[in-house]
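Residues per chain are reported as follows:
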Amino acid sequence: MSKSKKAVRAVCIVIIAIFALLLTTYINHQIQLNREAELRSPLGQMVEVDGHDMSVYVEGTGGTTLVFMSGGGTCSPILDFKSLYSLLSDRYQIAVVEKFGYGFSDVVDKDRGIDSILEDTRAALSASGLAAPYVLCPHSMSGLEALYWARKYPDEVSAIIGLDMAVPEYYDSMDINIPLMRIAGWAANMGVTRFIPGISDSDAIKHGALSEEEKEIYRAVFYSRTATATMINEMEGVKENADKVDSMGVPQLPMLLFVSDGSGGTGFDKDTWRRIPIEYISQVDEGEYIELDCPHYVHDYEYKAISENILSFLLKH
């Protein structure tokens, strides 16, 4: 056999081996998804929004509703926020809206402009029987939605409590690698992520107050809601969304920002990460901020201190 034929044969063998490995990985993923189906039973209620199902979790009682809004790519918002809201639901009604592509909500291929995202959230809350005004508690990227909401529908927002939330200036220099996100989405859909040790153990699992059962639910959701098509659509439009929010100006309402040290995947150094929101809040007449020495998912680390400061803040306002 000539060298060229041997080379071609070797390449064919490698291609077949890779294909067989990927096929085996995908089949294993589908089997595991079926086994995890019960773990992925919605924790809250499913409401219809624009012809699709959105997940809304409601807990507690009281005349004020705190709406928790997740950061970009957080696969299980209901469980991600649980360590914090469970300390508040004895005094306030809390709601967690899982956007399309997140948690137990449908994955949909639709526009993720800021108006579309906001109208989905408002419709989901209304369908759940929850009425404005709300106290918005956004984490990370959802800060854009909260700020836009306060400007577009000021009567619906009584205060904003930012959990290391994003403000428009962050996106001026943020590097968003969409091709890498697409690769991550492909790997998740194929089941490759199941073979990466510890990848499903979020900050909520490692540092929060979740039970062992809740940790298992979180992991099951992770394997079905990582870098979804809807999440990627959202990231593709985030800079445009930030520009639109910025053009609306700074809303004037009671606002409390919890600011992390910038670690945990923000891509910013500590000084820059803290400077941007502090400059932003200085433009708010009733604005306050608290610096925390912990990573970006502040509510999974300092949930006790945050809950105490939220209670004090809301009593004043």
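Structure's up top.
Only a predicted model underlies this, so the values are computations on that prediction, with no experimental measurement involved.

Visitor: Please clarify how the overall build of the chain should be interpreted in this entry.
Guide: In terms of helices and strands, the chain carries 13 helices and eight strands. Taking 317 residues into account, the globule formula puts the C-alpha radius of gyration at 20 Å, and the chain, at 21 Å, falls close to it. Its C-alpha atoms put the chain at 85 × 40 × 35 Å along the principal axes. Counting the 317 residues in the chain, one finds 53% classified as buried. For the chain, the proportion of contacts with a sequence separation of at least 24, taken over those separated by at least 6, is 78%. Accessible surface for the chain amounts to roughly 14400 Å². Of this, 52% is attributable to carbon and sulfur atoms. Separation between the mean location of the 27 positive side-chain charges and that of the 45 negative ones in the chain comes to 11 Å.

Visitor: Help me out: how do you make sense of a negative patch on the surface in this one?
Guide: Together, Asp 111, Asp 172, Glu 240, Asp 243 and Asp 246 give the surface a local cluster of negative charge. Among the elements that take part in the negative patch, helix H11 (residues 238-247) stands out by supplying three residues, more than any other. With respect to the helices and strands, the residue Glu 240 is situated in helix H11.

Visitor: It is not clear to me how the pairing of strand S6 (residues 157-163) should be interpreted in this structure. Could you clarify?
Guide: Consecutive side chains of a regular strand alternate in pointing toward one face of the sheet and then the other. Of all seven residues that make up S6, six are buried, and the element is covered over most of its length. Two elements, strand S5 (residues 134-138) and S6, share three bridges in a ladder whose sense is parallel. Bridging from a neighbouring strand, Val 135 pairs with Ala 159 of S6. Between the parallel elements S5 and S6, the chain passes through helix H5 (residues 142-152) in a crossover that is right-handed. Bridge analysis of S6 against strand S7 (residues 255-259) gives four bridges, and the strand direction is parallel. By the bridge assignment for S7, Gly 162 is matched with Leu 257.

Visitor: So what exactly am I meant to see when it comes to the environment of Thr 193 here?
Guide: Tracing the backbone through its elements, the reader meets Thr 193 in the loop between helix H7 (178-190) and helix H8 (203-207). Once the C-alpha coordinates of Thr 193 and Tyr 223 are considered, the two residues, 30 residues apart in sequence, prove to be 7.6 Å apart. Once residues lying within four places of it in the same chain are set aside, the contact partners of Thr 193 are Ala 187, Ala 188, Ile 199, Phe 222 and Tyr 223.

Visitor: Honestly, the pairing of strand S3 (residues 65-69) in this entry has me stumped. Any pointers?
Guide: A large share of S3 lies buried, amounting to five of its five residues. Along S3, one buried face is formed by Thr 65, Val 67 and Met 69 and the opposite face, lined by Leu 66 and Phe 68, is buried too. Sheet topology note: the S3/strand S4 (residues 93-98) ladder contains five bridges and is parallel. Paired with Leu 66 across the strands is Ile 94, a residue of S4. Pairing of S3 with S5, which is carried by five bridges, proceeds in the parallel orientation. Within S5, the residue paired with Met 69 across the bridge is Pro 138.

Visitor: Explanation requested: the sheet that holds strand S1 (residues 45-49) in the structure shown.
Guide: Picture the strands of a sheet paired through backbone hydrogen bonds; they go either parallel or antiparallel. The sheet built from eight strands is open, its strands ordered S1-S2-S4-S3-S5-S6-S7-S8 with mixed pairing. Only two strands of the sheet have a single partner each, and these edge strands are S1 and strand S8 (287-291). Averaged over all neighbouring strand pairs, the angle between strand axes comes to 25 degrees, with direction disregarded. For S1 and strand S2 (residues 52-59), the ladder comprises five bridges, and the chain directions are antiparallel. Paired with Met 46 across the bridge in S2 is Ser 55. Contacting S3, S5, S6, S7 and S8, helix H13 (residues 303-316) runs over the sheet at an angle of about 165 degrees to S7.

Conventions used here
Residues numbered from 1 in each chain as written. Predicted model: local features only at pLDDT ≥ 70, side-chain atom pairs only at ≥ 80, totals over all residues. Heavy atoms only, no water. Helix = DSSP H or I, 4+ residues; strand = E, 2+ residues; numbered from the N terminus. Rg over C-alpha atoms; globule rule 2.2 N^0.38 Å. Buried < 20%, exposed > 50% of the residue type's maximum accessible area, 1.4 Å probe, protein only. Contact = heavy atoms within 4.5 Å. Areas by Shrake-Rupley, 256 points an atom, 1.4 Å probe, with all protein chains shown as cover. Lys, Arg positive; Asp, Glu negative; His and termini not counted. Charge placed at Lys NZ, Arg CZ, Asp CG, Glu CD. Patch = residues over 30% accessible without salt bridge, like charges linked within 9 Å, V, L, I, M, F, W, Y side chains within 5 Å. Salt bridge = Lys/Arg side-chain N within 4 Å of Asp/Glu carboxyl O. Pairing = 2+ DSSP bridges. Right-handed = clockwise from strand over helix to strand, strands pointing away. Axes fitted to C-alpha atoms, helices over the stretch in contact; angles between N-to-C directions.

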